[in-house]
Every structure is written in structure tokens, then in C-alpha cells.
Amino acid sequence: MTDKSVGQGDSDAALVADDNMTIAIHFTLRLEDGTEVDTTRDKRQAEFVFGDGNLPPGFEKPIRGMRVGETRTSDVAPEHAFGPWNPQNVQMLKRADFEDQEALEKGVVMSFADPAGGGELPGVIKSVDERQVEVDFNHPLAGRTLTFEVEVLNITPATTH
């Protein structure tokens, strides 16, 4: 992962991004070719508790130590973002097992029961024939190196409920 600090925050700010702090950020996520895949810049800011495990390590690590007002750009490798693309996550399923046959089109995202976790798991339809449906359960950004641009907007101690 490579980091580049772009802007300096308020050097008098006492709080820095670290474990058990609630961090409010704006971010932009880009592919290797610069294509923007997600941003909060024109939306509501994102908030998370630093160190709670909800943010992949490659996005959390560059934020550690930042202060309010600072910006940073980091390249995040697949293993620190959404993981490598795994061919074992592409499954061939029986077409007859799908209730909504009309929805079976290449590129459609469908929800499937997660046998491991009991919840739902999204899958992308890769191909359909008379008997089988090929479904990719990899995260859509798996295997991609991403550019993560982040600006820290606010830092407060996390509250426990």
C-alpha cells in the first residue's frame, strides 16, 4: 500500500484517528484506470468506529493517525481491500432450482442463502444455459487494486451502548 498525504489538518486538533474513536469521513474509491466506483463527496459522510472490524484493513490503516481536516490518498492492494478473486467462488447451479426463471440474465445480482453464515450472499449471474446458471460470489471489487482518497471530517471518542 502506498500513501500520499495531500492536505494538512489542524495541527492543534487534539484527537487523532485511532482505536475506539468515531471517525466521520468523505471518501472516493477508484479503480486502477481512475474510474470512480464509490464516493461520499456528493452524499452524506461515512461514519465508523475505528478498529471495530467493519472497515477492511486497507482502508482503515491509512486513516490511523490522521486529524480533522487532513486528506490522504492510498493505493490499496486486493488482499487488504476486498480480497483476491477466487475461482472457487464461481459456482454452477441447477437452473431448475431458480424460482424466477425470467430474472436469469448475465450481469444480474441475486441474493442467495448463505450456508455458512445463515444470512444472504449476493451473487452475479455470469452465464445461463438450458440446465445451469453460473454464479460468481466474489465481491465485485475482489482482485482489484483500488485508490482510496479520504478526508477526515470529525473525530470523537466512541460511545458504548
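Residues numbered from 1 in each chain as written. Predicted model: local features only at pLDDT ≥ 70, side-chain atom pairs only at ≥ 80, totals over all residues. Heavy atoms only, no water.

Some details on the sheet that holds strand β9 (residues 132-136)
Here we have four strands laid out as an open sheet, ordered β6-β9-β8-β7, and antiparallel in their pairing. The sheet terminates laterally at β6 (90-94) and β7 (109-113), the two strands that pair on one side only. The sheet shows a mean angle of 45° between the axes of neighbouring strands, taken without regard to direction. Relative to strand β8 (residues 120-128), β7 is paired through five bridges, and the arrangement is antiparallel. If you follow Val-109 over to β8, its bridge partner there is Val-124. (Pairing = 2+ DSSP bridges. Helix = DSSP H or I, 4+ residues; strand = E, 2+ residues; numbered from the N terminus. Axes fitted to C-alpha atoms, helices over the stretch in contact; angles between N-to-C directions.)

A word on the pattern of salt bridges
Counted by the stated rule, this structure contains seven salt bridges. With its nearest N and O atoms 2.3 Å apart, the salt bridge here joins Asp-18 to Arg-64. Here the residue Asp-18 occupies a position in the loop between β1 (2-7) and β2 (21-30), and Arg-64 occupies one in the loop between α1 (57-60) and β5 (71-76), the gap between them amounting to 46 residues. Accessibility expressed as a relative area gives 32% for Asp-18, which makes it partly exposed. The exposure class assigned to Arg-64 is partly exposed, which follows from its relative accessible area of 41%. (Salt bridge = Lys/Arg side-chain N within 4 Å of Asp/Glu carboxyl O. Buried < 20%, exposed > 50% of the residue type's maximum accessible area, 1.4 Å probe, protein only.)

Concerning the side chain of Arg-72
Relative to the helices and strands, Arg-72 resides in strand β5. No salt bridge is formed by the buried Arg-72; its nearest oppositely charged neighbour, Glu-70, is found at 4.8 Å. Only 2.4 Å separates the side chain of Arg-72 from the backbone oxygen of Pro-62, close enough to count as a polar contact. (Lys, Arg positive; Asp, Glu negative; His and termini not counted. Polar contact = N/O pair within 3.5 Å; in protein donor to acceptor, adjacent residues only side chain to side chain.)

Some points on the packing of aromatic side chains
In total, this model carries six aromatic pairs according to the counting rule given. Taken together, a centroid distance of 5.7 Å and an interplanar angle of 50° make the contact between Phe-59 and Phe-82 tilted. Note that Phe-59 is positioned in helix α1 and Phe-82 in the loop between β5 and β6, a separation of 23 residues in sequence. Here Phe-112 and Phe-137 contribute two aromatic rings whose centre-to-centre distance is 5.1 Å and whose plane-to-plane angle is 75°, an arrangement assigned as edge-to-face. Of the two residues, Phe-112 is situated in strand β7 and Phe-137 in the loop between β9 and β10 (146-157); the sequence distance between them amounts to 25 residues. By relative accessible area, Phe-112 is classed as buried at 15%. Here the aromatic residues Phe-27, Phe-59, Phe-82 and Phe-148 are joined through ring pairs into a cluster of three or more. (Phe/Tyr/Trp six-rings, centres within 6.5 Å; stacked < 30°, edge-to-face > 60°.)

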